[in-house]
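Overview (structure and organization)
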Amino acid sequence: MTEPTKEQLKEFWEWCGLTHKRNKDGTLIWYDLGGHFIAFGYILLDLNNLFKYAVPKISDKWQVSISIKLPNFYLVTLDEVSESLTRRQIFVLTNNPVQSLFEAVWEAIKEE
């Protein structure tokens, strides 16, 4: 996957439950679930924000693991938490831990 588009990021953060408004000049202003300001423009895609907003949204259905494979490669594994015998797994391996986690969560979102 290449860098996520602005529309993809907007959809992603909205799925996480974050809201936004546009100010007079059209800039997005993002708010968390409690209505507290987060960012102007687009929310920074980093591990802090992913673990703060995205991982909790999937944690009731998916178990998240991040491991380093070989120098500079990060494997994110999502294991479906289920009582049934059929379990799904999502694997993403990239050279960037943020990209790996984003892509894994994005894939989980698309499977809903």
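Attention in this report is confined to the structure presented alongside it. (Residues numbered from 1 in each chain as written. Predicted model: local features only at pLDDT ≥ 70, side-chain atom pairs only at ≥ 80, totals over all residues. Heavy atoms only, no water.)

Some remarks on the sheet that holds strand β2 (residues 28-31)
Strand order in the open sheet made by the three strands is β1-β2-β3, with antiparallel pairing throughout. Sheet topology places β1 (19-22) and β3 (37-40) at the edges, where each strand pairs with a single neighbour. Within the sheet, the average angular offset between the axes of one strand and its neighbour, ignoring direction, is 25°. Pairing geometry for β2 and β3, over three bridges, is antiparallel. When the sheet's bridge partners are listed, Tyr-31 is paired in β3 with Phe-37. (Pairing = 2+ DSSP bridges. Helix = DSSP H or I, 4+ residues; strand = E, 2+ residues; numbered from the N terminus. Axes fitted to C-alpha atoms, helices over the stretch in contact; angles between N-to-C directions.)

Comments concerning the packing of helix α1 (residues 6-15) against helix α3 (residues 97-111)
Taken N-terminus to C-terminus, the directions of α1 and α3 make an angle of 70°; their axes are 11 Å apart at the nearest point. Our classification of the angle between α1 and α3 gives roughly perpendicular. Contacts between α1 and α3 involve Gln-8, Leu-9, Glu-11, Phe-12 and Trp-15 from the first element and Phe-102, Val-105, Trp-106, Ile-109 and Lys-110 from the second. For the contact of α1 with α3, the residue count by class is seven nonpolar, one polar and two charged. (Parallel < 35°, antiparallel > 145°, perpendicular 65-115°, else oblique. Contact = heavy atoms within 4.5 Å. Nonpolar A, V, L, I, M, F, W, Y, C, P; charged D, E, K, R; others polar.)

Considerations on the pattern of salt bridges
Here the structure, examined in full by the defined rule, presents two salt bridges. In this structure, the salt-bridge partner of Glu-14 is Lys-10, at a minimum N-O distance of 3.4 Å. Placement of both Glu-14 and Lys-10 in helix α1 is noted, with a separation of four residues, approximately one turn of the helix. For Lys-10, a relative accessible area of 16% puts it in the buried group. A salt bridge links Lys-110 to Glu-11; its shortest N-O distance comes to 2.7 Å. (Salt bridge = Lys/Arg side-chain N within 4 Å of Asp/Glu carboxyl O. Buried < 20%, exposed > 50% of the residue type's maximum accessible area, 1.4 Å probe, protein only.)

Focus on the packing of aromatic side chains
Tallied over the entire structure, the rule returns six aromatic pairs. Ring centres 5.0 Å apart and planes at 80° place the aromatic pair Phe-12 and Trp-13 in the edge-to-face group. Neither residue differs from the other here; Phe-12 and Trp-13 are each classed as buried. Ring centres of Trp-13 and Tyr-53 lie 6.3 Å apart, and the angle between their planes is 90°; this geometry places the pair in the edge-to-face category. Here the residue Trp-13 occupies a position in helix α1, and Tyr-53 occupies one in helix α2 (residues 47-58), the gap between them amounting to 40 residues. Given a relative accessible area of 0%, Trp-13 falls into the buried group. Relative accessible area serves as the criterion here: at 11%, Tyr-53 is assigned to the buried category. Feature note: the residues Phe-12, Trp-13, Tyr-53, Phe-102 and Trp-106 constitute an aromatic cluster, connected by ring pairs. Between the NZ or CZ atom of Lys-21 and the centre of the ring of Tyr-31, over which it lies, the distance is 5.9 Å. The aromatic ring of Trp-15 is capped on one face by Lys-57, whose charged end is 5.8 Å from the ring centroid. (Phe/Tyr/Trp six-rings, centres within 6.5 Å; stacked < 30°, edge-to-face > 60°. Lys NZ or Arg CZ within 6 Å of the ring centre and 35° of its normal.)

Any functional reading would require information that these geometric values do not contain.
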